[in-house]
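Report on the structure
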Amino acid sequence: MPEAAAAGRASGGRQSVIQLAPVTVPKASDVLAAELRERILSSEFTEGAALPPERELVVQTQMSRATVREALRILEVQGLVRIKIGRGGGAFVQLPGKDSVASSVNLLIRGRKIRLSSLLETREAIEPYCARLAAVHRTDDDLAVLDAANRTIADEGSTMAGFLQANVDWHVAVATAGHNELLAGLMTALSRAIYTATENERFVNTEVRRVAARAHRSITDAIRAQDPEAAARRMTRHVHGYADAALKADERTEITVDDR
């Protein structure tokens, strides 16, 4: 008698109702990349340290050279290693910084086509606190960067591109002066997106530039004086006024952001 029939009779003729879902097996390169990533983030591999050479990783993991190379490429894309070619080359550990945050946020802004109004709302929510932190933690070097940006912003002979880049530099410098890498990364992405979206003569006229120059000087003075309340208050007024003016001048609901 066939085994199926015997099994059916043994179970009283009932069919099993147990069903198994498809099993997804991760790629070997993803597994290796995940292990190396965890060791990097847990500081087992310190910043600047060289990972074992490819041939040694092949021996240790018993994976193919192609798998090892793919795992290292994954980590390189994630910004956790840098690959050097040639004599003295290899994969070297690097830790994420504010540029990694900025890159991720920029991808979100571009991919989701975030509205200009949403960018401005986000900046209004976080930048006054950035100014507060800057007033508390700023150094002389931080002030020098702010002052340099302010000189370019106040130069009415500079091009619009020069003015906008100085604006980005100043806003990022305020966040950087607070010495919070996460906030600095967020502000880097937001500032680039906002000023790319408002890069037009219809909005950035002489009066807008003069107002921005005055506001930036006033906020910088509060940061220099290490007055967090004044810095936050002045920044709130500045970014709120800028948002109102920008939205009145631009009726678009979506923006396109470049990689500058």
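Residues numbered from 1 in each chain as written. Predicted model: local features only at pLDDT ≥ 70, side-chain atom pairs only at ≥ 80, totals over all residues. Heavy atoms only, no water.

**Regarding the overall build of the protein**
Tallying secondary structure elements over the protein gives 11 helices and 2 strands in all. Listing the helices and strands of the protein from first to last along the sequence gives α-α-α-α-β-β-α-α-α-α-α-α-α. Here the protein holds 260 residues, and the buried ones make up 38% of them. Total accessible area on the protein is roughly 15,200 Å²; 52% of this is exposed by carbon and sulfur atoms. (Helix = DSSP H or I, 4+ residues; strand = E, 2+ residues; numbered from the N terminus. Buried < 20%, exposed > 50% of the residue type's maximum accessible area, 1.4 Å probe, protein only. Areas by Shrake-Rupley, 256 points an atom, 1.4 Å probe, with all protein chains shown as cover.)

**Quick word on the confidence of the model for the protein**
Fine structural detail should not be taken from predicted coordinates in areas where pLDDT scores are low. Of the residues in the protein, 89% reach a pLDDT of 70 or more, and the chain-wide mean stands at 89. When mean pLDDT is compared element by element in the protein, helix 7 (residues 140-154) scores highest at 97, while helix 1 (residues 3-10) scores lowest at 49. Counting contacts from residues 4-10, a segment whose pLDDT is below 50, to residues more than four positions away or on other chains yields 4 contacts. Taken together, the stretch residues 252-260 has pLDDT below 50 and engages in 23 contacts with residues farther than four places along the chain or on a different chain. (pLDDT = per-residue confidence, 0-100. Contact = heavy atoms within 4.5 Å.)

**Here's the deal with the nonpolar core**
One finds Trp170, Val174 and Ile223 to be the most contacted residues of the largest nonpolar core, which totals 52 residues. Elements with a minimum of two residues in this core: helix 5 (98-112), helix 6 (116-137), helix 7, helix 8 (160-177), helix 9 (181-197), helix 10 (206-224) and helix 11 (228-249). Aside from chain neighbours lying at most four places away, what touches Val174 is Cys130, Ala131, Ala134, Leu146, Ile223 and Met235. Among the nonpolar cores identified, the runner-up in size contains 15 residues, and Leu32, Ala71, Leu72 and Leu75 belong to it. (Core = buried A, V, L, I, M, F, W, Y, C linked by side-chain atoms within 4.5 Å.)

**Observations concerning the environment of Ala212**
Inspection of the secondary structure puts Ala212 in helix 10. In sequence terms Ala212 and Gly241 are 29 residues apart; their C-alpha atoms lie 9.8 Å from each other. Those residues in contact with Ala212 that sit more than four places away from it in its chain are Ile153, Phe163 and His238.

**Brief notes about helix 7**
For helix 7, built from 15 residues, the straight-helix expectation of 21 Å at 1.5 Å per residue is met to within 8% by its first-to-last C-alpha distance of 21 Å. The complete set of buried residues in helix 7 reads Asp142, Leu143, Leu146, Ala149, Asn150 and Ile153. Taken around the axis of helix 7, the buried residues stretch over an arc of 130 degrees, which confines them to a single face. Facing away from the buried surface of helix 7 by more than 90 degrees, the exposed residues are Asp140, Asp141 and Arg151. Where helix 7 is buried, its residues meet helix 6, helix 8 and helix 10. (Expected span 1.5 Å × (residues − 1). Arc of directions from axis to C-beta.)

**Quick look at the packing of aromatic side chains**
Applying the stated criterion across every chain, the model contains 2 aromatic pairs. For the pair Tyr195 and Tyr242, a centre-to-centre distance of 5.6 Å together with 75 degrees between the ring planes defines the contact as edge-to-face. With Tyr195 in helix 9 and Tyr242 in helix 11, this pair connects stretches of sequence that are 47 residues apart. A relative accessible area of 8% places Tyr242 in the buried class. Through a chain of ring-to-ring contacts, the aromatic side chains of Tyr195, Phe203 and Tyr242 assemble into a single cluster. Sitting over the ring of Phe92, Lys84 keeps its end group 5.5 Å from the ring centre. Taking NZ or CZ as reference, Arg123 lies 5.1 Å from the ring centre of Tyr242, over its face. (Phe/Tyr/Trp six-rings, centres within 6.5 Å; stacked < 30°, edge-to-face > 60°. Lys NZ or Arg CZ within 6 Å of the ring centre and 35° of its normal.)

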